[in-house]
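Working through the structure, step by step
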Amino acid sequence: MLRPGRRATVAPLPNAEAPPRASCRRPATLPIASTVRRGICAVTERTLVLVKPDAVQRQLAGRIMARYEERGLKIVGLKLVHIDRELAERHYAVHKGKPFFEGLVAFITSGPLVALVLEGPDAISLVRTMNGATKPAEAAPGTIRGDLAVEMGQNLVHASDSLDSAATELAIWFGPGELLAYGREIDRWVLSPKG
Ligand code: IDP
Ligand code: MG
């Protein structure tokens, strides 16, 4: 029996230029979509990804970004930057005081990295799952770290871990004018129709 579901509550997109779209239908109209039958609706989110200096040096940046694109996520912000200590400390402020902090700052400032903002349904948790566990030895095969990394200090990618950190990190890395809201022809095949 179908249980009553609820419509998506769409969180505001940080720096969004256009209102987000609901990304699921009411359950009764989609009898075969089990996630919707359970009343779960995906929410469109934006998340910050860093393709770290080790990925750029290893010439993996394009392949890593292609994974996100192929999954269906939309790139709404993108730049190549070589950051200074001040920005590194702001980005990794939650880790200040930890034993690995100095090494982390030295690493992230050691060369250019690619910063990008990805948008899509449940993008924050979806990208974290694609990246894999922080420690590559524990990262599942098929994840970026599980396929391409062996060291925790050189684990190729960063991604926001919550709505709060995504909002903070987007504001650190991108100005409002650097994030673009646009439609894609493929979206009608990637995203559920509006409910
Ligand atoms: P995350 O990148 O999976 O979110 P965090 O715990 O936020 O992981 O740590 C940030 C980054 O700091 C990690 O990606 C990793 O490169 C590095 N790091 C975390 N813990 C350690 C550690 O114990 N030793 C060395 N590097 C670490
Ligand atoms: Mg983290």
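The rules we used
Residues numbered from 1 in each chain as written. Chains lettered and ligands numbered in written order. Predicted model: local features only at pLDDT ≥ 70, side-chain atom pairs only at ≥ 80, totals over all residues. Heavy atoms only, no water. Near = heavy atom within 4 Å. Polar contact = N/O pair within 3.5 Å; in protein donor to acceptor, adjacent residues only side chain to side chain. Areas by Shrake-Rupley, 256 points an atom, 1.4 Å probe, with all protein chains shown as cover. 1 Å grid on protein atoms, 1.4 Å probe; cavity = no way out; pocket = protein on both sides within 12 Å on 5 of 7 lines; lining within 4 Å. Sits in = over half its atoms within 2 Å of the grid points. Nonpolar A, V, L, I, M, F, W, Y, C, P; charged D, E, K, R; others polar. Points joined across faces, edges and corners; volume = space filled by probe spheres on them. Helix = DSSP H or I, 4+ residues; strand = E, 2+ residues; numbered from the N terminus. Buried < 20%, exposed > 50% of the residue type's maximum accessible area, 1.4 Å probe, protein only. Arc of directions from axis to C-beta. Contact = heavy atoms within 4.5 Å. Core = buried A, V, L, I, M, F, W, Y, C linked by side-chain atoms within 4.5 Å. Lys, Arg positive; Asp, Glu negative; His and termini not counted. Salt bridge = Lys/Arg side-chain N within 4 Å of Asp/Glu carboxyl O.

A short note on the site of ligand 1
Near ligand 1 you find Lys 52, Tyr 92, His 95, Phe 100, Leu 104, Arg 128, Thr 134, Arg 145, Met 152 and Asn 155, and these make up its full shell. Taking Thr 134, its side chain carries an N or O atom lying 2.5 Å from an oxygen atom of ligand 1. Here ligand 1 loses 75% of its free accessible area of 520 Å² to cover by the protein chains. Given that more than half its atoms are within 2 Å of the pocket grid, ligand 1 belongs to the largest pocket. For the shell around ligand 1, a count of residues per class yields 4 nonpolar, 3 polar and 3 charged.

Looking at the layout of surface pockets
In this structure, the largest pocket occupies an estimated 640 Å³ of space. Considering the residues around the largest pocket, the lining is formed by 27 residues, among which Tyr 92, His 95, Phe 100, Leu 104 and His 158 are closest to the centre. For the lining of the largest pocket, the secondary-structure elements that each account for two or more residues are α4 (85–91), α5 (101–108), β4 (157–159) and α8 (163–173). If you tally residues by element for the lining of the largest pocket, the top one is α8, at 4 residues.

Let's talk about unusual backbone geometry
One non-glycine residue, Gln 59, lies in the positive phi region at around 60°. Examined against the element boundaries, Gln 59 turns out to sit in the loop between α2 (53–57) and α3 (61–71). Residue class for Gln 59 comes out exposed when judged on its relative accessible area of 69%. Residue Asp 122 is not a glycine yet carries a positive backbone phi of 50°. Tracing the chain through its elements places Asp 122 in the loop between β3 (113–121) and α6 (123–131).

Let's talk about α5
Looking at α5, one finds that the buried residues are Phe 101, Leu 104, Val 105, Phe 107 and Ile 108. The arc enclosing the buried residues of α5, seen along the axis, measures out at 165°, which places them on a common side. Buried residues along α5 sit against α2, α4 and β3.

Quick look at the nonpolar core
Counting 22 residues, the largest nonpolar core has Val 49, Val 51, Ile 64, Tyr 68, Leu 116, Leu 118 and Leu 156 as the members making the most contacts within it. Broken down by element, this core gets its largest block of residues, 4 residues, from α3. Counting residues in each nonpolar core, the second largest holds 19 residues, with Leu 50, Leu 113, Ala 115 and Ile 172 among its members.

Describing the side chain of Arg 145
Here Arg 145 is to be found in helix α7 (residues 144–148). No salt bridge is formed by the buried Arg 145. Its closest oppositely charged neighbour is Asp 54, at 8.2 Å. Only 3.2 Å separates the side chain of Arg 145 from the backbone oxygen of Asn 155, close enough to count as a polar contact. If sequence neighbours within four positions are ignored, Arg 145 has contacts with Lys 52, Asn 131, Gly 132, Ala 133, Thr 134, Pro 136, Ala 139, Asn 155 and Val 157.

Purely geometric numbers; function is a separate question.
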